Amino acid sequence: MARIGIFGGSFNPPHLGHILALREFREKLALDTVVLIPAANPPHKTLTRNTPDAAHRLQMCKLAVRDLPYVQVSDIELVRSGKSYTADTLRLLREKYPSDELFLLMGTDMFLSFESWYHPEEITAYAALAVAHRNEDDPEILQKYADKLEKKLHTNIYFVENSFLPHSSTSVRAMLAFHAAQTYLDPAVHDYIVKNGLYYYNDRMKELPFELLSEISLSLHDPKRVPHVIGCSDTAKRLALQYGVDPENARRAGILHDITKALNAEEQLKLCETYDIILDNFERNHPKLLHAKTGAVIAERIFGENKLVCDAICWHTTGKANMSTLEKIIYIADYMEPNRCFDGVEKLRSLANSDLDDALFLGLQMTMEQLRQRKKDIGPNSMAAIRFLEERKKYE
């Protein structure tokens, strides 16, 4: 009787994090075979606008595991119509492997939502659950949920500690579009993507009309941030019309201001290395600020935006001394767009409708107070912005 792991997912694209998890599942569960199954139409997510077709994703998966003889890549879900329900797939695999022990391989996010899956009781009748977890995952929460499922569904659950690579398919797709993903993919997979122009790699993305710029850029964001980005762009356009600034520049800066926000610290530094972005010590020690600088460079180098737009993106997080009107607008729009909800936001919105400098000053003060309360450092550019506005107020 063989021990077979079933590893499904959109694999959009298959990256080194997937391969590391696959290796560790195989080793720690003593699996004889792992069946890798790219999903055609996953029920729990909507595939992104730039998702390659089934044939491309199947070929990328084959390339990613070409040196792993214990892995089989299956097109079982790609050739089946409708949603790619795991219960349907496992039913077919159980027929194919009637005497073997099956393990459904997954991460903690999917595990903790397992009860909401399509026919979970059928899934556990066919296979045991194996969950890759990281050191930072709360073991008490995982074990409590596992005890509940084992009792309710009469199944076995195995936890597999995973070394974990700190990037997701979302960030890998973004890094591909930004031409900086070589270290996150098997070289053969990366070459295949470049050759076939997948994930916007070879697309012409400079000077796009706003509607297309919006569609493409939003597909590269963390989906949870999309409403904020749209709100910022709309607010920036409105303020630009009010204060005599080109509204097209304002809405383009707004739609791109968080274009690299989804990337983690390692990925931010990778972009800085790729595009020769010079950082000071404060920026190196505070990587959460880097999305403003990297976003400005991506806006210029990938999307071909003008200097006014790029400068507004660059300073939308920290501010600086003597900001341009567009720079002030993007800083304020980011802070007060309609999805923002915090004490003081209504006052900020009221000030923005009457005096940009007053609104900017209040926003900077609120940020500094939040940093003080959290015992966080205040950056030199934010301090310079505050001092500049304070000096200006002396002469009003």
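Residues numbered from 1 in each chain as written. Predicted model: local features only at pLDDT ≥ 70, side-chain atom pairs only at ≥ 80, totals over all residues. Heavy atoms only, no water.

1. So, the pattern of salt bridges
Moving on, step 1. A complete count under the given rule lists 19 salt bridges for this structure.
Moving on, step 2. The salt bridge involving aspartate 258 is made with arginine 225; its shortest N-O contact spans 2.9 Å. On the criterion of sequence distance, the pair formed by aspartate 258 in the loop between helix 11 (247-256) and helix 12 (265-274) and arginine 225 in the loop between helix 9 (210-219) and helix 10 (226-243) is long-range, its members being 33 residues apart.
Moving on, step 3. Taking the shortest distance from any N to any O, the salt bridge between glutamate 327 and lysine 320 comes out at 3.9 Å.
Moving on, step 4. Overall, the relative accessible area of 5% leaves glutamate 327 in the buried class. (Salt bridge = Lys/Arg side-chain N within 4 Å of Asp/Glu carboxyl O. Helix = DSSP H or I, 4+ residues; strand = E, 2+ residues; numbered from the N terminus. Buried < 20%, exposed > 50% of the residue type's maximum accessible area, 1.4 Å probe, protein only.)

2. Thoughts on the nonpolar core
The nonpolar side chains of a soluble globular protein tend to be buried with one another.
Moving on, step 1. Core analysis: the largest hydrophobic core is formed by 103 residues, its most contacted members being Leu22, Leu105, Phe178, Ile193, Phe303 and Ile332.
Moving on, step 2. Contacts of phenylalanine 178, omitting those with residues within four sequence positions, involve Leu220, Ile259, Thr260, Leu263, Leu271, Tyr275, Ile298 and Ile302.
Moving on, step 3. Formed by 26 residues, the second largest nonpolar core is a distinct cluster that contains Ile4, Tyr97, Leu102 and Leu153. (Core = buried A, V, L, I, M, F, W, Y, C linked by side-chain atoms within 4.5 Å. Contact = heavy atoms within 4.5 Å.)

3. Focus on helix 1 (residues 16-28)
Moving on, step 1. Between the first and last C-alpha of helix 1 there are 18 Å, a value that for 13 residues agrees with the 18 Å anticipated at 1.5 Å per step.
Moving on, step 2. Every buried residue of helix 1 is accounted for by Gly17, His18, Ile19, Ala21, Leu22, Glu24 and Phe25.
Moving on, step 3. Looking one or two places after helix 1, you find alanine 30, whose phi comes out positive at around 55°. (Expected span 1.5 Å × (residues − 1).)

4. Considering the sheet that holds strand 2 (residues 33-38)
Moving on, step 1. Reading across the sheet, the six strands line up as 3-2-1-4-5-6 and stay open at both edges, with parallel pairing between neighbours. Edge positions in the open sheet fall to strand 3 (71-73) and strand 6 (157-161), since each of these has one partner strand only. Looking at each pair of strands side by side, their axes are set apart by 25° on average, direction ignored.
Moving on, step 2. Bridge count between strand 4 (residues 101-107) and strand 5 (residues 128-133): five bridges; the pairing is parallel. (Pairing = 2+ DSSP bridges. Axes fitted to C-alpha atoms, helices over the stretch in contact; angles between N-to-C directions.)

5. A word on unusual backbone geometry
Moving on, step 1. Proline 13 follows asparagine 12 through a cis peptide bond whose omega is 0°.
Moving on, step 2. Here proline 13 is to be found in the loop between strand 1 (3-9) and helix 1.
Moving on, step 3. Even without a glycine there, the phi angle at tyrosine 200 is positive, about 65°.
Moving on, step 4. A relative accessible area of 4% means that tyrosine 200 is categorised as buried.
Moving on, step 5. Look at glutamate 207: it is not a glycine, yet its phi comes out positive at around 55°.
Moving on, step 6. Along the chain, glutamate 207 turns up in the loop between helix 8 (187-196) and helix 9.
Moving on, step 7. On the basis of relative accessible area, glutamate 207 is assigned to the exposed category, the value being 61%.

6. Structural notes on the side chain of serine 74
Moving on, step 1. Within the element layout of this structure, serine 74 appears in the loop between strand 3 and helix 3 (86-96).
Moving on, step 2. For serine 74, the side chain forms a polar contact with the main-chain nitrogen of isoleucine 76, separated by 3.1 Å.
Moving on, step 3. If sequence neighbours within four positions are ignored, serine 74 has contacts with Val35, Leu36, Ile37, Pro38 and Leu58. (Polar contact = N/O pair within 3.5 Å; in protein donor to acceptor, adjacent residues only side chain to side chain.)

7. As for the packing of aromatic side chains
Moving on, step 1. For the structure on display, the rule yields nine aromatic pairs.
Moving on, step 2. Ring plane angle 80° and centroid distance 5.5 Å describe the contact between phenylalanine 7 and phenylalanine 11, whose orientation is recorded as edge-to-face. Comparing phenylalanine 7 with phenylalanine 11, the two get one shared label, buried.
Moving on, step 3. Relative to phenylalanine 342, the ring of tyrosine 335 lies with its centre 5.6 Å away and its plane at 50°, an arrangement referred to as tilted.
Moving on, step 4. Note that arginine 26 overlies the ring of tyrosine 70, its terminal NZ or CZ placed 4.0 Å from the centroid.
Moving on, step 5. Sitting over the ring of phenylalanine 210, arginine 251 keeps its end group 4.0 Å from the ring centre. (Phe/Tyr/Trp six-rings, centres within 6.5 Å; stacked < 30°, edge-to-face > 60°. Lys NZ or Arg CZ within 6 Å of the ring centre and 35° of its normal.)

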